[in-house]
Structures are given as C-alpha cells and as structure tokens.
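Structural overview for review
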Protein chains: 2
Amino acid sequence: MQDENQRYMGYALREAQRAMDIGEVPIGCVIVSDGQIVGKAHNQRELLQDPTAHAEILAITQAAAHFQSWRLEGAKLYVTLEPCAMCAGAIILARIAEVYFGAYDPKAGVCGSLMNLLEDSRFNHNPKLYPGLLADECGALLSGFFRRIREDASQHPKPGPHRN
Amino acid sequence: MQDENQRYMGYALREAQRAMDIGEVPIGCVIVSDGQIVGKAHNQRELLQDPTAHAEILAITQAAAHFQSWRLEGAKLYVTLEPCAMCAGAIILARIAEVYFGAYDPKAGVCGSLMNLLEDSRFNHNPKLYPGLLADECGALLSGFFRRIREDASQHPKPGPHRN
C-alpha cells in the first residue's frame, strides 16, 4: 500500500511525464501544505527558453501565489530529481519544511551528491531532507528520455536538450 | 574616470535605489551583452510575495526573453550584493560569462563568503568572478536601509523585511 509521501511523489511523477510529453527533460514537482497541493509544475526550460524554469522554481512561485506569501513554512516539496543549486537555494529562501526527492543527480545535485546545501547549518533555514523516494521510477523516466535522445541523435544528428 | 564596469554597476545601483524606494531590501542587477543592457531588475520579494523574486533571477529571465534563449553565453551580470545559492545556481545554469558584485554577504553569499559555487569546477560552467566592484556604495545603500528599519522598529515595533 502506498503511503502519503509516495502518493505525492506519484503526482510529481505525473508532472515529469507531462514534461516528457512536450520534449522537456522529465522532472516534476509538487508542493503540499496541510494535505493540499498548493504548487504543481514540470520543467519548462526549453518551452519558455528560461534557465530558471525548473519544476521546483515554478512550483514554489505557484505556492507563494496561493498563500500570497513568500514564506512557505510547514510546506513539503516533492521533486523527482535531486535539486540543483538554484532550486536548493529557492527551497531554503522559501523556508520549506521538508524536501523529498527521487533520483540522485550526480552531475549537478546539491542535496547529497556534489554537496549538501539543505543540511548546511550556516544557512538560516534547513529543511528536513528525505532522498530516494520512488527513486527507481523517477530515475527510469529520466534514463528512458536520454536513451531516446541519444537514439534520435544517432539517426538525425542535431543538438538535443540536456538537464543543465 | 569611471570604467565601463563601474558604469554598469552604477545602473545596478540605480535599480537597488528603486527597490529601496518601495521598501524592498535594496539590491539591483543588470545584465549586459555586447555593450547592450538586456536585463535590469531590482529585488521585489515583498511586492510580489515571491521568494524567487531576487534581482538576479528577474534580470536573467528578462535577458533570456530578450534573446529567446536560456543560454546567456557571453553575457556579463552586475549585481550590488554577492549572490545567494539560488541566484548563483541560476547564473551557472544560464552560462553567464562574467559576474561582478558589489558588497559581500557574509550571511548568505556563496560567491566567496560561505563558499564559492561559481568557482566550483564540479559544475559544468564557471563564470569569471569579479567581487567588490563599487563595494562601498553598494554596502552603504544596504546598511542605510537596515539602519532605518531598526530605527523604525524601535519606534513602531512590527516585523520588517530582511534579506533572506
């Protein structure tokens, strides 16, 4: 039986699938507060041609609009891939209480891979961190996407999207 | 005589002044490409109630819209305060070539103070970093703002804005 956290990561995975459907690197994020989803987004960097349009940033902006407040104290964030420096920084600034991520990102992740910004006590806020939630499903979506990109590239050489 | 970099930091200072005028922590940013200003913004966190609305993020999104591209290769970013983790991450993601900042931020700066993300070679891009440009002017604007906040608070106690 799925627990509540798996269920929310499931919603983040659906968002990641939506990114995949439009040719974006499949990463999704939901933000939950008091059992209600208050932010839900997928990576839209290529669509918007905006380097800040990661799933987490879009979901945080949505949640802040929902509360009319930049302080998301008590909120839980679920994201399918380990956050990068930009997104980890935004999570700290928003005072998010708990962060659940799926797959590790050994190239750009800063919540355990390259470093751990969320647990660095020099920052004025430290969310609780829960890595590896539905890691296999989250990772499979990403590796399937990049495998297809490589296959397409070998047949029709042209630059494709990449995560960072 | 002012050099070109001081002139651009002067524009960032004007943006910071605009933030001050509306009661925001006075931080400003401009992005320059081929001698043209392609992004110009000030901190709007309180106005927008958005934790991601730092001057750098807003200016990067503007510059990307200008170029219709998330890749700001060759661009120079001028910001009055040392970038935080979110903004340093966005600068790396956007492939910005050169970063000039004014005052150091010992509490949340990650471009020399707490750490140095921009010069961490494990990331796939490292901008050239020029700290301390017009540091006195940039710092004076911030310290004047916080001094006034403290004076107001001692006369009319209520929560005021703070940087992070």
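Residues numbered from 1 in each chain as written. Chains lettered and ligands numbered in written order. Predicted model: local features only at pLDDT ≥ 70, side-chain atom pairs only at ≥ 80, totals over all residues. Heavy atoms only, no water.

In this section: the side chain of E82 of chain A. Along the chain, the position of E82 of chain A falls in the loop between β3 (76-81) and α4 (85-93). Within the structure, E82 of chain A has its side chain in polar contact with the backbone nitrogen of V110 of chain A (distance 3.4 Å). (Helix = DSSP H or I, 4+ residues; strand = E, 2+ residues; numbered from the N terminus. Polar contact = N/O pair within 3.5 Å; in protein donor to acceptor, adjacent residues only side chain to side chain.)

Here we take up the pattern of salt bridges. Evaluation of the coordinates by the stated rule reveals 12 salt bridges over all chains. Across the salt bridge formed by R45 of chain A and E46 of chain A, the nearest N and O atoms sit 3.2 Å from each other. A salt bridge links K40 of chain B to E15 of chain B; its shortest N-O distance comes to 3.6 Å. Separated by 25 residues along the polypeptide, K40 of chain B in strand β2 (residues 36-42) and E15 of chain B in helix α1 (residues 4-21) bring together distant segments of the chain. (Salt bridge = Lys/Arg side-chain N within 4 Å of Asp/Glu carboxyl O.)

This part covers the sheet that holds strand β1 (residues 28-33) of chain A. Residues and elements named next belong to chain A. Within the open sheet, the 5 strands sit side by side as β2-β1-β3-β4-β5. Their pairing is mixed. The outermost strands of the open sheet, each flanked by one partner alone, are β2 (36-42) and β5 (128-130). Averaged over all neighbouring strand pairs, the angle between strand axes comes to 15°, with direction disregarded. By the bridge criterion, 6 bridges tie β1 to β2 in an arrangement that is antiparallel. (Pairing = 2+ DSSP bridges. Axes fitted to C-alpha atoms, helices over the stretch in contact; angles between N-to-C directions.)

Glancing now at the interface of chain A and chain B. At the junction of the two partners, chain A supplies 35 residues and chain B supplies 35 residues. Of all residues in chain A, P51, W70 and L93 of chain A give up the largest surface area on contact with chain B, accounting jointly for 24% of the area buried on that side. Put simply, chain A and chain B have 0 salt bridges between them. Across the chain A-chain B interface, the total number found is 10 residue pairs in polar contact (both at pLDDT 80 or more). (Contact = heavy atoms within 4.5 Å. Buried area = accessible area lost by both parts, 1.4 Å probe.)

Each of the two chain copies goes to the other by way of a rotation about an axis and a shift along it. For these two chains of identical sequence, chain A goes onto chain B by a turn of 180° and a shift of 0.0 Å along the axis, with RMSD 0.0 Å. Considering both components of the superposition, the chain copies are consistent with a two-fold axis. No C-alpha of chain A lies nearer the rotation axis than that of M86 of chain A, which sits 1.9 Å from it. Interface overlap between copies: 100% of the residues of chain A at the interface are likewise at the interface in chain B, consistent with a symmetric, same-surface contact. (Least-squares fit on C-alpha atoms with pLDDT ≥ 70 in both.)

This part covers the environment of L13 of chain B. Residues and elements named next belong to chain B. Relative to the elements of secondary structure, L13 occurs in helix α1. Classification of L13 as buried rests on a relative accessible area of 14%. In this structure, L13 is in contact with T80, L134, E137, C138 and L141, ignoring residues within four places of it in sequence. (Buried < 20%, exposed > 50% of the residue type's maximum accessible area, 1.4 Å probe, protein only.)

Next up on the list: the packing of aromatic side chains. The way to describe two aromatic rings as a pair is by their centre distance and the angle between their planes. Taken as a whole, this structure holds 12 aromatic pairs over all chains when the rule is applied. Between Y78 of chain A and Y100 of chain A, the aromatic rings sit 4.6 Å apart at their centres with planes inclined by 10°, giving stacked as the arrangement. Taken together, the positions of Y78 of chain A in strand β3 and Y100 of chain A in strand β4 (residues 98-103) put the pair 22 residues apart, joining distant regions of the chain. Ring centres of F101 of chain B and Y104 of chain B lie 5.0 Å apart, and the angle between their planes is 85°; this geometry places the pair in the edge-to-face category. On the accessibility criterion, Y104 of chain B (46% relative accessible area) is partly exposed. Clustering of aromatic rings is evident, with ring pairs tying together Y8, Y11, Y78, Y100 and Y130 of chain A. One Lys or Arg, R7 of chain A, reaches over the ring of Y8 of chain A and ends 5.0 Å from the middle of that ring. In this arrangement the basic side chain of R45 of chain A is found over the ring face of W70 of chain B, its NZ or CZ atom lying 3.8 Å from the centre. (Phe/Tyr/Trp six-rings, centres within 6.5 Å; stacked < 30°, edge-to-face > 60°. Lys NZ or Arg CZ within 6 Å of the ring centre and 35° of its normal.)

Further remarks concern helix α1 (residues 4-21) of chain A. Residue and element names in this part refer to chain A. If you check α1, its first and last C-alpha atoms are 26 Å apart, about what 18 residues at 1.5 Å a residue would give, namely 26 Å. Turning to α1, its buried residues are N5, Y8, M9, A12, L13, E15, A16, A19 and M20. For α1, the angular spread of buried residues about the axis comes to 160°, placing them on one side. Residues of α1 that are exposed and point over 90 degrees away from its buried face: R14 and D21. In this structure D3 caps α1, since a side-chain oxygen of it lies 3.1 Å from the backbone nitrogen of N5. (Expected span 1.5 Å × (residues − 1). Arc of directions from axis to C-beta.)

Residue and element names in this part refer to chain A. Direction vectors running N to C along α1 and helix α5 (residues 135-155) enclose 10°, while the axes themselves pass 10 Å from each other. Regarding the angle of α1 to α5, the classification is roughly parallel. Touching M9, L13, A16, Q17 and M20 of α1 are E137, C138, L141, F145 and R148, all from α5. Of the residues in the contact of α1 with α5, the class split is 7 nonpolar, 1 polar and 2 charged. (Parallel < 35°, antiparallel > 145°, perpendicular 65-115°, else oblique. Nonpolar A, V, L, I, M, F, W, Y, C, P; charged D, E, K, R; others polar.)

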